[in-house]
Amino acid sequence: MVETIWQEFLKIVSQEVGSRIVETWFKAVHLVLWDSNAKVAYLHAPNDFVKTWIVTHYQDLCKKHLARLLGEESIKVHIAVEGAQDGQFTIVAARKLDHATNVSSSSTKMPLTVPSSKHDKIALVKKKQKKPAHVTVYTFESFVVGPSNELAFSAAYAVAQNPGMHYNPLFLYGGSGLGKTHLLYAISAHVHEKSPEKVVYYETADRFVQNFIQAIRLDKMAQFQAQYRRADVLLIDDIQFISKKEQTQEAFFHIFNLLHQSHKQIVLTADCMPRDIAGLAERMRTRLEWGLVADIHMPLLETRMAILKKKAEAYSASIDDEAFSALASYDFSNVRELEGALVRVLASAALADCAVTKEFIEKIIKPVVRVKETVDIASIARTVCRCAQLNLHELRSSTRTKELVVARHVAMFLMKRMTDASLREIGSFFNKKDHSTVIHAIEKIETKGKKIREISLLIKDVERCLEERS
Ligand code: ADP
Ligand code: MG
């Protein structure tokens, strides 16, 4: 039964986060035991590296989907390394221990470190376990500075040293995966360390919106406001998500003013400059531009190499310079992708038990990058626009004219078919909160759409254009 559940789980995860993630991380992992009394699912990972990565990045995902498949509201998930050596944690040993031990709560507000001690509590009860192979810490020390992010880094550091004294608010902007959240975490860690009495509040704007809606629903506006007003340092990530949400903007405006007047530090990030955030009230925009606005770009080769070295160090991996240089030279569009590639290489090397050489990197990364270079979701969107004579902004908007809806459905359908993008990634490209719209669009094209001449012609047209391009 556990094997069937695991296979089902892999299918769902593949849909949600993409088959590449499943290939890299979950393929060699197994669900070995379901303890229905204690409601704990026990997983086996092939090595420490994979285990730590899953614990850090995919624990919530595991909990959510396994719970559903096992018919439970919530479960705990425990991951152990397969065939762990003498004295280390084993599944059998774990069952004898007290299940009340919380082995899986991972919803800390600030995921600053791999919470090794928390996740490995049972293991520690038995025998002190060696530290996980990599510990991710988003601090100023682990942030590599170069011309592309110097201003943002210096401003963030100055603000963390003396909150409320310089640049207030500090507004950091840049494309996805370039280190904005890293800098917010770094500010938080620095303030915590230097002045533990200060209240630092980190939140994504998305979460702020949800909290606000909840507060309205439960008639708890006073508590909502009070919660944020307690902050000495308020860090709001991805502020662009409050665009077009007038009431939320109003509430934020209020909190902003109160904090600002009392010289409390506010730091915001976004994917564009304040003036480019659509649907932002004028007075809100002015506020955001009051302090310092600093941008972050994709780092140049030297900085990319330094980042790779730093990350590899954190993962305790040894790679030679030639291999670093090979990896840094690929045309990734942001640091997250670069890091993802490094992790993919390290994971593959760990699974294959071989050294990370330039040749090995080429074998692992080249096919992936080539696929990306020819067709990715953005290029499909652009091509659909060209063929359907629409503009990209309209395609990504929520306007529902017939031709826009058709073009959007075709784009989503082709994105799923021609790229490795997950439903979630496709959804967020179209500014959708969840991916049900994408599933619906794909189904529509597959069941009815392809039979409608106008739609099948558009699909063919787009496919031809994409082919000619590559
Ligand atoms: P953003 O919030 O801009 O989308 P993140 O802060 O989440 O991006 O960064 C994505 C990943 O890239 C993180 O793992 C982060 O540590 C890493 N990263 C980005 N820039 C740097 C840098 N200059 N030095 C070290 N790591 C970086
Ligand atoms: Mg971010």
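First things first, this report covers the structure right here in the doc. (Residues numbered from 1 in each chain as written. Chains lettered and ligands numbered in written order. Predicted model: local features only at pLDDT ≥ 70, side-chain atom pairs only at ≥ 80, totals over all residues. Heavy atoms only, no water.)

Description of the sheet that holds strand E2 (residues 40-45)
Sheet strands associate in pairs through backbone hydrogen bonding, adopting either a parallel or an antiparallel arrangement. The criterion, for reference: A pair of strands is treated as paired once DSSP finds two or more bridges between them. Each helix is a run of H or I in the DSSP string that is no shorter than four residues. Each strand is a run of E no shorter than two, and both are numbered from the N terminus. Axis angles are defined between N-to-C directions and span 0 to 180 degrees, where every axis is a line fitted to C-alpha atoms and, for a helix, only to the segment in contact. Residue contacts follow a heavy-atom distance rule, with two residues in contact if any of their heavy atoms lie within 4.5 Å.
As summarised here, the arrangement of the 3 strands in space is E1-E2-E3, forming an open sheet in which the pairing is mixed. Unpaired on one side and paired on the other, strand E1 (30-35) and strand E3 (76-81) mark the two borders of the sheet. The average undirected angle you get between the axes of adjacent strands in this sheet is 25°. Direction of pairing for E2 relative to E3: parallel, over a ladder of 6 bridges. The residue of E3 that forms the bridge with Ala41 is Val77. Each of E2 and E3 touches helix H3 (residues 48-57); the most contacted strand, E3, lies at about 160° to it. Against the sheet, helix H4 (residues 59-69) makes contact with E1, E2 and E3, and its axis sits at roughly 125° relative to E3, the strand it touches most.

Re the site of ligand 1
For clarity, the threshold we go by: Any residue with a non-hydrogen atom lying within 4 Å of a molecule or strand is treated as near it. Between N or O atoms, a polar contact is any pair within 3.5 Å; within protein, one atom must be a potential hydrogen donor and the other a potential acceptor, and residues adjacent in sequence are included only when both atoms are from side chains. Reported accessibility uses the Shrake-Rupley method at a 1.4 Å probe radius. Residues are deemed covered only where the shown protein chains occlude them.
Not every one of the 18 residues close to ligand 1 is listed here, only the nearest: Gly177, Thr181, His182, Lys311 and Glu339. Take Asn149: an N or O atom from its side chain is 3.3 Å from a nitrogen atom of ligand 1. Lys180 is positioned such that a nitrogen or oxygen atom in its side chain is 2.8 Å from an oxygen atom of ligand 1. Contact with the protein chains hides 93% of the accessible area of ligand 1, taken as 570 Å² for the molecule alone. Looking at the shell around ligand 1, the elements with two or more residues in it are helix H9 (180-194), helix H14 (301-314) and helix H16 (335-352).

Points about unusual backbone geometry
In this structure, the amide linkage connecting Asn168 to the following residue, Pro169, adopts the cis form with an omega of 0°. Relative to the helices and strands, Pro169 is located in the loop between helix H8 (150-161) and strand E4 (170-174). One non-glycine residue, Asp353, lies in the positive phi region at around 55°. Mapping Asp353 onto the fold places it in the loop between H16 and helix H17 (358-374).

Points about the sheet that holds strand E7 (residues 265-270)
Spatially, 5 strands are ordered E5-E6-E7-E4-E8 in an open sheet, and the strand pairing comes out parallel. A single partner strand is all that each edge strand has here, and the edge strands are strand E5 (200-204) and strand E8 (292-296). Averaged over neighbouring strand pairs, the angle between their axes works out to 15° when direction is ignored. Pairing analysis gives 4 bridges linking strand E6 (residues 233-237) to E7, with the strands arranged parallel. Directly across from Val233, in E7, lies its bridge partner Gln265.

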